[in-house]
Each structure stands twice: as structure tokens, then as C-alpha cells.
Amino acid sequence: DTEVTQTPKHLVMGMTNKKSLKCEQHMGHRAMYWYKQKAKKPPELMFVYSYEKLSINESVPSRFSPECPNSSLLNLHLHALQPEDSALYLCASSPTGAEAFFGQGTRLTVV
Amino acid sequence: EDQVTQSPEALRLQEGESSSLNCSYTVSGLRGLFWYRQDPGKGPEFLFTLYSAGEEKEKERLKATLTKKESFLHITAPKPEDSATYLCAVHSYSGGGADGLTFGKGTHLIIQP
């Protein structure tokens, strides 16, 4: 089983809203990731959690705030986003910190 | 800084027409090279991991190979359902820990019936 589950699948939010994206995996993987993917572009790394601790933050704006409540869950809290933040947000997990298994993503639209 | 370049950007084949996709990379120390398939609006689907030059992996009509500078994804007798964007990614030694992947821009493959 290599399933990573993301909710919601689609999200529309205004620039003054606060929302959260959720990600769950029950494979016992030690690393979890958030990636952002714009249309016709490759995924770009945003955050890496290893053993529930934030190990890499790729200079992402503070309007994106990650949280890892436990080894199975990963959240991405969104606040005061801009229209250019509209994208597919992908969660992934890895057993070794190398190969990553992705969820189906949350399609975010900021209006 | 790690760099991954994929070619061609787009490829249109007839059903049954075999071809190869290229991924060239420049990294400080390769820990692994990965191939993914991505359908529109979906997350990337893991296909292969390659760790060292000379290594090969196969899955159905796909075969991935690795040299010290590049990787190839060979597609034999493709079918329309093989149409997708194929992404190459690398994981390198850049300080240890759970680093993320660096992706190429992908090859958009269309298989016509």
C-alpha cells in the first residue's frame, strides 16, 4: 500500500480567508513533504518533515505554515494568499528520505 | 545546485512505435534517480528508482536505464493509455537528512491510436 491521502481535492478561497490542507499516510514513512506545482511546470519543494521535525523550508512565504501533528499527518495552513498562489499542492511521503510517493493533490484557486 | 534536463519536451508517437525519453542530470553526488508518470490534474505516480550507473529496471512496456550523466526511459510498443507527462527527478547528497527531490520539466508523451 503506497497511498497518500489529501483533502480537500479542490479548494477555492478568498485572499482574506484562512484554510488548511490535510495529508495522511499510514505506511510508517519517516519523511513527509509539501510540493507546489503550477500548470505545465514540475513540482517544487516547499517543506520537508523528517521524524515529525521540519528539516527544510525552501524559503516559502510565511503565508504558508506547515504543521506535522504526528508521524501520519501533515497539514498546510494558508492565510492571506495571493492569486499567484493558485496551484496544485502535492503531499508526499518517503520511507527513506529518497523515493517519494505522492497524493493526488489539492487544486487550490485563490480569488 | 542540482540540475535536471529532460528531452524532448513533447513527443507524439503512433501506437506501437517505440521510442526513448532522455533525462540528463548534474548533481554533487547522486543518491537516486526517479521516474514518475503524471496524468493531468493528478499527483505523480512512482515508476522506478535507479541508484548506480548500469542499473536497469523494467515494468510492463517501460524500461529505465542509468549512466553517470543521464537516464533513459524506453517505451516499447506503446499504447494510448501510456499518454502522460513523464517526470525525472534526482535526490543528491547535499548535507544529508530527508532532502526533497529536484525535478526536470518533464516530457509530454502522446500516443495516437
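In this text, all values refer to a predicted model and were calculated from it rather than measured experimentally.

(A) Just the state of the cysteines, in detail. The tally for this structure, following the rule as stated, stands at two disulfides over all chains. Across the disulfide, A:Cys23 is cross-linked to A:Cys91 (sulfur-sulfur distance 1.9 Å). Here the S-S torsion is close to -70°, and the disulfide linking A:Cys23 with A:Cys91 is therefore left-handed. You can see A:Cys23 sitting in strand E3 (residues 18-25) and its partner A:Cys91 sitting in strand E9 (residues 87-94), a full 68 residues away along the chain. What makes A:Cys23 buried here is its relative accessible area of 1%. Classification of A:Cys91 by relative accessible area gives buried; the value is 0%. For B:Cys23, the disulfide goes to B:Cys88, at an S-S distance of 2.0 Å. Handedness here is read from the sign of the S-S torsion; for B:Cys23 and B:Cys88, about -65°, the answer is left-handed. Taken as a pair, B:Cys23 in strand E3 (residues 19-26) and B:Cys88 in strand E9 (residues 84-92) lie far apart in primary sequence, 65 residues in all. Summary of cysteine pairing: A:Cys68 is not part of a disulfide, and the nearest cysteine sulfur, belonging to A:Cys91, is at 9.3 Å. The class of A:Cys68 is buried, set by a relative accessible area of 13%.

(B) Main features of the sheet that holds strand E7 (residues 62-66) of chain B. Residue and element names in this part refer to chain B. Sheet architecture is open: five strands sit in the order E1-E3-E8-E7-E6, paired in antiparallel fashion. In the strand order of this sheet, the two ends are held by strand E1 (3-7) and strand E6 (56-59), each with one partner. Going from strand to strand, the sheet's axes swing by 15° on average, the running direction of each strand aside. For E7 and strand E8 (residues 70-75), the ladder comprises five bridges, and the chain directions are antiparallel. Residue pairing across strands places Thr-65 opposite Phe-72, the latter belonging to E8.

(C) How the structure looks around the interface of chain A and chain B. Counting residues at the interface gives 23 residues for chain A, matched by 19 residues for chain B. When chain A packs against chain B, close to 1,600 Å² is buried across both sides, 60% of that on carbon and sulfur atoms. For the interface between chain A and chain B, the tally reads zero salt bridges. Our count for the contact surface shared by chain A and chain B stands at three residue pairs in polar contact (both at pLDDT 80 or more). Broken down by element, the residue count for the side of chain A that touches chain B peaks at four residues, all from strand E4 (residues 31-37) of chain A. A per-class count over the side of chain A that touches chain B returns 14 nonpolar, six polar and three charged.

(D) Representation of the side chain of B:Glu55 in the model. Locating B:Glu55 in the fold gives a position in the loop between strand E5 (45-50) and E6. In terms of polar contacts, B:Glu55 uses its side chain to reach the backbone amide nitrogen of B:Tyr51, at 2.6 Å.

(E) Geometry of the sheet that holds strand E7 (residues 64-70) of chain A. Residues and elements named next belong to chain A. Within the open sheet, the four strands sit side by side as E1-E3-E8-E7. Their pairing is antiparallel. Looking along the sheet, the strands with just one partner apiece sit at the ends: strand E1 (4-7) and E7. Neighbour-to-neighbour, the strand axes of this sheet turn through a mean angle of 20°, independent of strand direction. Looking at chain direction, E3 and strand E8 (residues 73-79) are connected through seven bridges and run antiparallel. Looking at the pairing, Ser-20 lines up with His-77 of E8.

Conventions used here
Residues numbered from 1 in each chain as written. Chains lettered and ligands numbered in written order. Predicted model: local features only at pLDDT ≥ 70, side-chain atom pairs only at ≥ 80, totals over all residues. Heavy atoms only, no water. Disulfide = S-S within 2.5 Å. Helix = DSSP H or I, 4+ residues; strand = E, 2+ residues; numbered from the N terminus. Buried < 20%, exposed > 50% of the residue type's maximum accessible area, 1.4 Å probe, protein only. Pairing = 2+ DSSP bridges. Axes fitted to C-alpha atoms, helices over the stretch in contact; angles between N-to-C directions. Contact = heavy atoms within 4.5 Å. Buried area = accessible area lost by both parts, 1.4 Å probe. Salt bridge = Lys/Arg side-chain N within 4 Å of Asp/Glu carboxyl O. Polar contact = N/O pair within 3.5 Å; in protein donor to acceptor, adjacent residues only side chain to side chain. Nonpolar A, V, L, I, M, F, W, Y, C, P; charged D, E, K, R; others polar.

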